[in-house]
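Residues per chain, in single letters:
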Amino acid sequence: MPSTLPEGEVAPLDGALPESAVREAASRPLGFYLHVPFCASRCGYCDFNTYTARELGGGGSQASYAETAVREVLLARRVLGELDRPVDTVFFGGGTPTLLPAADLGRMLAAVRDEFGLAPDAEVTTEANPESVDPAYLDELRAVGFNRVSFGMQSASSHVLKILDRQHTPGRALQAVKEATAAGFEHVNLDLIYGTPGESLDDWRASLESALSAQPDHVSAYALIVEDGTQLARRIRRGELPMPDDDDLADKYVLADELLSAEGLRWYEVSNWARSTAARCRHNELYWRGDTWWGIGPGAHSHVAGTRWWNVKHPSAYAERLNTNQSPAQARETLDEETRRIERVLLEVRLEAGLPREVLDEPGRAAADQVVEDGLAVMDGDRLVLTDRGRLLADAVVRDLLP
Ligand SMILES: C[S@@+](CC[C@H](N)C(=O)[O-])C[C@H]1O[C@@H](n2cnc3c(N)ncnc32)[C@H](O)[C@@H]1O
Ligand code: SF4
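Residues numbered from 1 in each chain as written. Chains lettered and ligands numbered in written order. Predicted model: local features only at pLDDT ≥ 70, side-chain atom pairs only at ≥ 80, totals over all residues. Heavy atoms only, no water.

1. Some words on the domain arrangement of the protein
Test applied: Domain start and end points were adopted from an automatic or database domain assignment. Values labelled buried area give the accessible surface lost by two parts on being combined, using a 1.4 Å probe and summing over both. Salt bridge criterion: a side-chain nitrogen from Lys or Arg within 4 Å of a carboxyl oxygen from Asp or Glu. Under the rule applied, a polar contact is a pair of N or O atoms within 3.5 Å (in protein, one hydrogen donor and one hydrogen acceptor; residues adjacent in sequence only if both atoms are side-chain atoms). Secondary structure elements follow DSSP: runs of H or I no shorter than four residues count as helices, runs of E no shorter than two count as strands, and numbering proceeds from the N terminus.
According to the domain assignment, the protein consists of domain 1 (19-288) and domain 2 (337-403). Between the C-alpha centres of domain 1 and domain 2 there is a distance of 27 Å. Buried area between domain 1 and domain 2, summed over both chains or domains, comes out near 1,200 Å², and the portion from carbon and sulfur atoms is 53%. On the domain 1 side of the contact with domain 2, W267, V270 and W288 bury the most area, a combined 48% of that side's loss. Here domain 1 is connected to domain 2 by five salt bridges. Across the domain 1-domain 2 interface, the total number found is eight residue pairs in polar contact (both at pLDDT 80 or more). Counting only elements with at least two residues in the side of domain 1 that touches domain 2, the list comes to α10 (246-262), β7 (266-269) and α11 (282-288).

2. With respect to the side chain of N147
On the secondary structure map, N147 appears in the loop between α5 (135-144) and β4 (148-154). Polar side-chain contacts of N147 include one of 3.0 Å to the backbone oxygen of A122.

3. Some details on helix α7 (residues 172-183)
What counts is decided by this rule: Here, expected helix span is obtained from the residue count minus one, scaled by 1.5 Å. In what follows, residue pairs with any heavy atoms lying within 4.5 Å of each other are defined as contacts.
The end-to-end C-alpha distance of α7 is 16 Å, a good match for the 16 Å that 12 residues give at a rise of 1.5 Å each. The secondary structure elements touched by the buried residues of α7 are α5, β4, β5 (187-194) and α8 (201-213). Phi for G184, located one or two positions after α7, is positive at around 100°.

4. Structural notes on the site of ligand 1
Applied cut-off: Whether a residue is near a molecule or strand depends on its heavy atoms: if one lies within 4 Å, it is near. Shrake-Rupley sampling with a 1.4 Å probe provides the accessible areas, and residues are treated as covered by the protein chains on show and by no other component.
Within the structure, ligand 1 sits among 17 residues, and G95, N129, Q154, R166 and D191 are positioned closest to it. At a separation of 2.8 Å, a nitrogen atom of ligand 1 approaches a polar side-chain atom of N129. Between ligand 1 and the protein, one listed contact pairs an oxygen atom with a side-chain N or O atom of D191 at 2.8 Å. For ligand 1, the accessible surface in isolation is 550 Å², of which the surrounding protein chains cover 93%.

5. Section: the site of ligand 2
For clarity, the cut-off: Polarity classes work like this: nonpolar for Ala, Val, Leu, Ile, Met, Phe, Trp, Tyr, Cys and Pro, charged for Asp, Glu, Lys and Arg, and polar for all others, with Gly in that last group.
If you check the shell around ligand 2, you find C39, S41, R42, C43, Y45, C46, G95, T96, N129 and R166 and nothing else. A breakdown of the residues in the shell around ligand 2 according to their chemical character gives four nonpolar, four polar and two charged.

6. So, unusual backbone geometry
Among all residues except glycine, the phi angle is most often negative; among peptide bonds, the trans geometry is most common. Between G94 and G95 the backbone carries a cis peptide bond, its omega angle lying at 15°. Located in the positive-phi region is D165, a residue other than glycine, with phi close to 65°. Phi is positive for A305, close to 45°, though the residue is something other than glycine. The topology assignment puts A305 in the loop between β10 (301-304) and β11 (307-311).

7. Brief notes about a nonpolar patch on the surface
Here is the rule we go by: The patches described consist of residues with a relative accessible area above 30% and no salt bridge, like charges being joined within 9 Å and nonpolar side chains (Val, Leu, Ile, Met, Phe, Trp, Tyr) within 5 Å. Exposed residues in this analysis have more than 50% of their type's maximum accessible area, buried residues have under 20%, and partly exposed residues fall in between, with area computed by a 1.4 Å probe over protein chains only.
On the surface, V254, L392 and L393 cluster together to form a nonpolar patch covering roughly 210 Å² of accessible area. Positionally, L392 belongs in helix α15 (residues 388-392). Residue L392 is classed as partly exposed on the basis of its relative accessible area, which comes to 34%.

8. Thoughts on the environment of L100
Secondary-structure assignment places L100 in the loop between β2 (87-94) and α4 (102-116). Residue L100 is classed as buried on the basis of its relative accessible area of 1%. On a C-alpha basis, the gap between L100 and V36 in space is 8.4 Å, while along the polypeptide they are 64 residues apart. Beyond its immediate stretch of four places on either side in the chain, L100 contacts V36, F38, Q62, Y65, L105 and Y137.

9. What to know about the environment of P130
If you trace the backbone, P130 turns up in the loop between β3 (118-128) and α5. Since its relative accessible area comes to 0%, P130 is described here as buried. Between the C-alpha atom of P130 and that of G145, which follows or precedes it by 15 residues, the distance is 20 Å. For P130, the residues in contact, after removing those within four places along its chain, are F151, G152, R166, H168, R172, A173 and A176.

10. Some points on helix α16 (residues 394-401)
Worth spelling out the cut-off: To obtain the arc, one takes the directions from the helix axis to the C-beta atoms.
Among all positions in α16, only A394, V397, V398 and L401 are buried. Along the long axis of α16, the arc covered by the buried residues comes to 100°, so they all point the same way. Among the exposed residues of α16, those pointing more than 90 degrees away from its buried face are D395 and R399. At its buried positions, α16 is contacted by α13 (337-348), β13 (355-356), α14 (362-373), β15 (383-386) and α15.

11. As for the packing of α8 against α10
Our working definition: The axes used here are C-alpha line fits, helices contributing only the stretch in contact, and every angle between their N-to-C directions lies in the interval 0 to 180 degrees. Here roughly perpendicular refers to angles of 65 to 115 degrees, roughly parallel to angles under 35, roughly antiparallel to angles over 145, and oblique to all remaining angles. Left-handed describes a crossing in which the near helix is turned anticlockwise from the far one by less than a right angle; the clockwise case is right-handed.
For the pair α8 and α10, interaxial distance at closest approach is 10 Å and the crossing angle is 25°. Here α8 lies roughly parallel to α10, going by the angle between them. Between α8 and α10 the crossing geometry is right-handed. Of the residues in α10, those in contact with L201, W204, R205, L208, E209 and L212 of α8 are D251, K252, L255, A256, L259 and L260. Classifying every residue of the contact of α8 with α10 by side-chain character gives eight nonpolar, no polar and four charged.

12. Focus on the nonpolar core
We count it as follows: What makes a nonpolar core is a set of buried Ala, Val, Leu, Ile, Met, Phe, Trp, Tyr and Cys residues whose side-chain atoms join them at distances within 4.5 Å.
Counting residues in hydrophobic clusters, the biggest one holds 98 residues, and the most contacted among them are F32, M108, F151 and L401. With eight residues, the single largest contributor to this core is helix α3 (residues 65-79). Among all residues touching F151, those that are not within four sequence positions of it are A128, P130, V133, L138, A176, V177, A180, V188, N189, L190 and D191. If you look at the next biggest cluster of nonpolar residues, it comprises 12 residues, including Y33, A279, Y287 and L351.

Structure (structure tokens):
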């Protein structure tokens, strides 16, 4: 969740949506995102909407968070009144969801299940910091209904973890994967970050090999983004650390794809690799395809058929709204057809399934022909699919396709 919220239009206090949006949502997969805005400590590179106990200063308490979030689930039920379809995916993200007792996460999940119903094959994920779980906690998560867990491993190199301010040892994420598998989780993801100042290509190779040794069925590998306003950005500005270098990032992406593919993890989105179709993150796929999701929690974003809104950012303000029976939405926007088309280009071109050519306008189609001629994409039937080189230049390809 980005921390800088756009301005948008006024959102109604009862959260009501246009009837046409609710009708359209009936025909698309439905997901819930539940944001947990608490962390034990702040990593210097992270600008997600999350708070340490000191930053919270006593407002928006962790102990009452599950109860507050459940109020928003009840609001979602009222607003989506006519929508009659079970939930396909639930994703708890953060922050650090696993800072809360497993029973609290279970309570929030139960509210989604009770109000909407879960599809029999629903994917239910939580993010977890490796040091925030143990076997008993993972057993509890399984017992309350989670079937997928995503660990933030980031790196296997101690000096890289130190620059990132991570609180776990290199080995802890691998142990956590073993514990999750033993607890019966069907799917386990490891998040990795490449391009941290001071990380060599060999460090990155060691991180990939280490992650693969734990045999997760999914890996996300993200280039380190230097977000404005973070401690990392300040350290780079002061000249204490170097800015990530584009050529180094490209070499590391190529290495990631090579090693992950060799171990049977295939890319299905530019930054995501899975061992099988069943191992893909269906919740993220729902975002990339512009389906329906309701984001519960402070700063969370939601989307229903072209109406998008975002909640007030601070946990205290969020709790105050819900405790006085108001929608926590800060503002919203209604996307017109052209904006929805542009978003499809931005997101779908990054998928292995590719972008249907019909989504492009005339200048975009001409640009697509050039992209193919330049070897950055191929046509697979009527879909434009990035080549290996195209994946390295995905952002530039998008700029070409939206002249
Ligand atoms: C915000 S964290 C939440 C999960 C959990 N607290 C953790 O840190 O593992 C989700 C993922 O976002 C990614 N992330 C956060 N900030 C990033 C940044 N500035 N650049 C690249 N990836 C980032 C990390 O890979 C992290 O695992
Ligand atoms: S633990 Fe995760 S959410 Fe919390 S500050 Fe670090 S990266 Fe951000």
